[in-house]
Amino acid sequence: MHTYSGKSAAGLTCVFVLVLTGCSTGSESTAKSTSYAPYVSATEASAHDSAGSPVTYNLAFVISDGSDCTPKWNGTTALSDSAVKSRVSGLTQDGGTVRVSFGGASGKELAASCDSASELARAYGKALDAAGSSQADFDIEGDELTDSDSVDLRSEAIALLQKERGDVEVSFTLPVMPSGLDDGSVALLQSANEHDVQVSTVNIMTMNYGESYDGDMGGYAITSAKAAHSQLTDIFGTSDAATWKAMALTSMLGTNDVDNETFTLDDATQVRKFADEKGIGWVSMWATFRDQQCGEGSEDDALTTCSGVDQEDGAFAEAFSG
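Named according to an unreviewed UniProt entry, the protein is Chitinase originating from Streptomyces coerulescens.

This part is about the confidence of the model for the protein. For the protein, the average pLDDT comes to 90, and 90% of its residues sit at 70 or higher. Low pLDDT, under 50, characterises residues 2–32; the predicted model gives this stretch 71 contacts beyond four residues in sequence or across chains.

The buried count for strand β9 (residues 199–205) comes to seven of seven residues, which makes it a mostly enclosed element. Note that strand β8 (residues 169–175) and β9 share six bridges and pair parallel. From the neighbouring strand, proline 175 faces β9, where its bridge partner is methionine 205. Pairing of β9 with strand β10 (residues 247–252), which is carried by four bridges, proceeds in the parallel orientation. When the bridges of β10 are listed, methionine 205 appears paired with threonine 250.

The next point concerns the packing of aromatic side chains. Summed over the entire model, instances satisfying the criterion amount to 13 aromatic pairs. Centroid distance phenylalanine 138 to phenylalanine 172: 5.9 Å. Interplanar angle 40°. Geometry classified as tilted. With phenylalanine 138 in strand β7 (residues 135–139) and phenylalanine 172 in strand β8, the pair connects residues that are 34 residues apart, well separated along the chain. Ring centres 5.3 Å apart and planes at 90° place the aromatic pair tyrosine 213 and tyrosine 220 in the edge-to-face group. Lying across the ring of tryptophan 282, arginine 99 places its NZ or CZ 4.3 Å from the centre.

Attention now moves to helix α8 (residues 265–278). Along an α-helix, residues three or four positions apart point the same way, because every turn accommodates 3.6 residues. The end-to-end C-alpha distance of α8 is 20 Å, a good match for the 20 Å that 14 residues give at a rise of 1.5 Å each. Those residues of α8 not exposed but buried are Asp267, Ala268, Val271, Arg272, Phe274 and Ala275. With its buried residues spanning 165° around the axis, α8 presents them on a single face. In α8, the exposed residues that point more than 90 degrees away from the buried face are Asp266, Lys273 and Glu277.

A word on the pairing of β8. With five of seven residues buried, β8 lies mostly within the body of the structure. With five bridges joining them, β7 and β8 adopt parallel strand pairing. The residue bridging alanine 136 from the neighbouring strand is valine 170, located in β8. Crossover β7 to β8 through helix α4 (residues 148–164) is right-handed. The parallel pair β8 and β9 is bridged by helix α5 (residues 183–194), and the resulting crossover is right-handed.

A complete count under the given rule lists two disulfides for this structure. Disulfide pairing is shown between cysteine 294 and cysteine 306; the S-S distance is 2.0 Å. Every disulfide takes its handedness from the sign of the S-S torsion; for cysteine 294 and cysteine 306 that torsion is 90°, giving right-handed. Of the two residues, cysteine 294 is situated in the loop between β13 (282–286) and α9 (315–321) and cysteine 306 in the loop between β13 and α9; the sequence distance between them amounts to twelve residues.

So, about the environment of aspartate 65. Relative to the elements of secondary structure, aspartate 65 occurs in the loop between β3 (56–64) and β4 (71–73). Separated by 13 residues in sequence, aspartate 65 and alanine 78 have C-alpha atoms that sit 9.1 Å apart. Beyond its immediate chain neighbours, meaning those up to four positions away, aspartate 65 contacts Thr70, Lys72 and Gly75. A polar contact is formed between the side chain of aspartate 65 and the backbone nitrogen of serine 67, at a distance of 3.1 Å.

Analysis parameters
Residues numbered from 1 in each chain as written. Predicted model: local features only at pLDDT ≥ 70, side-chain atom pairs only at ≥ 80, totals over all residues. Heavy atoms only, no water. pLDDT = per-residue confidence, 0-100. Contact = heavy atoms within 4.5 Å. Buried < 20%, exposed > 50% of the residue type's maximum accessible area, 1.4 Å probe, protein only. Helix = DSSP H or I, 4+ residues; strand = E, 2+ residues; numbered from the N terminus. Pairing = 2+ DSSP bridges. Phe/Tyr/Trp six-rings, centres within 6.5 Å; stacked < 30°, edge-to-face > 60°. Lys NZ or Arg CZ within 6 Å of the ring centre and 35° of its normal. Expected span 1.5 Å × (residues − 1). Arc of directions from axis to C-beta. Right-handed = clockwise from strand over helix to strand, strands pointing away. Disulfide = S-S within 2.5 Å. Polar contact = N/O pair within 3.5 Å; in protein donor to acceptor, adjacent residues only side chain to side chain.

Structure representation (structure tokens):
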């Protein structure tokens, strides 16, 4: 993040779609309202973290330290860092939870650094323990999506982790276009299924479409969600409602590193309304520390420290939280 050859339903194992459909009992999941779960820095607090009263915070990101299978926050900060522990405590003091996000657009992803599935599973477990979390998000994008070896190693490791820890909930965060998920993302989900990974959510990154997409960003997000929903329904063999519930939408607020792509507050309101109508599991944004207007004449960077659009502090959080 900042930045279809389908498989027949008959070929899917129940364990992969269990979280989506309750297939062990043949029952549908009970619909719940869409929650708000923004991405936050794991190491630096923002005054806007709690805006919109998030249900869950996605802690970004755990990656390799660059040399081996040692997991660190942003590849530099030790998992046991006292400041991070204090930060997690502060985020959860009002009843919210934290989800550890592995990967992202920068640095070296753990599955490309670890030598075995067991070693990789231990690395994932250490990060979850450090955050006191049983929720794991895997943000896979760029070259990692086309590296079939690391894709399969990751799937095997997650399956091991879930076998050892029955309460681990897994989400995959994947890039999307208005035409839907690309072949790499579909292959990743198929690999997860083949390794009996139980996936609770597929979170699509409704952003970074390319310079030719210079129109309604809220509309593009909705078109992308509909296209991905159709694909996921075919892949998982689930009902429309169950698939929507097992989806999440993450937008990059304000300006983007793609020319002509600006996601406005009106776009956020549009996406939230759509999510509520469809019963989507959760909506998110990148990121809380950007949810503020850039200071005039300051050294603020619209891609890292502010939104680049006119807004009140925390306004995107309020729009996404509904």
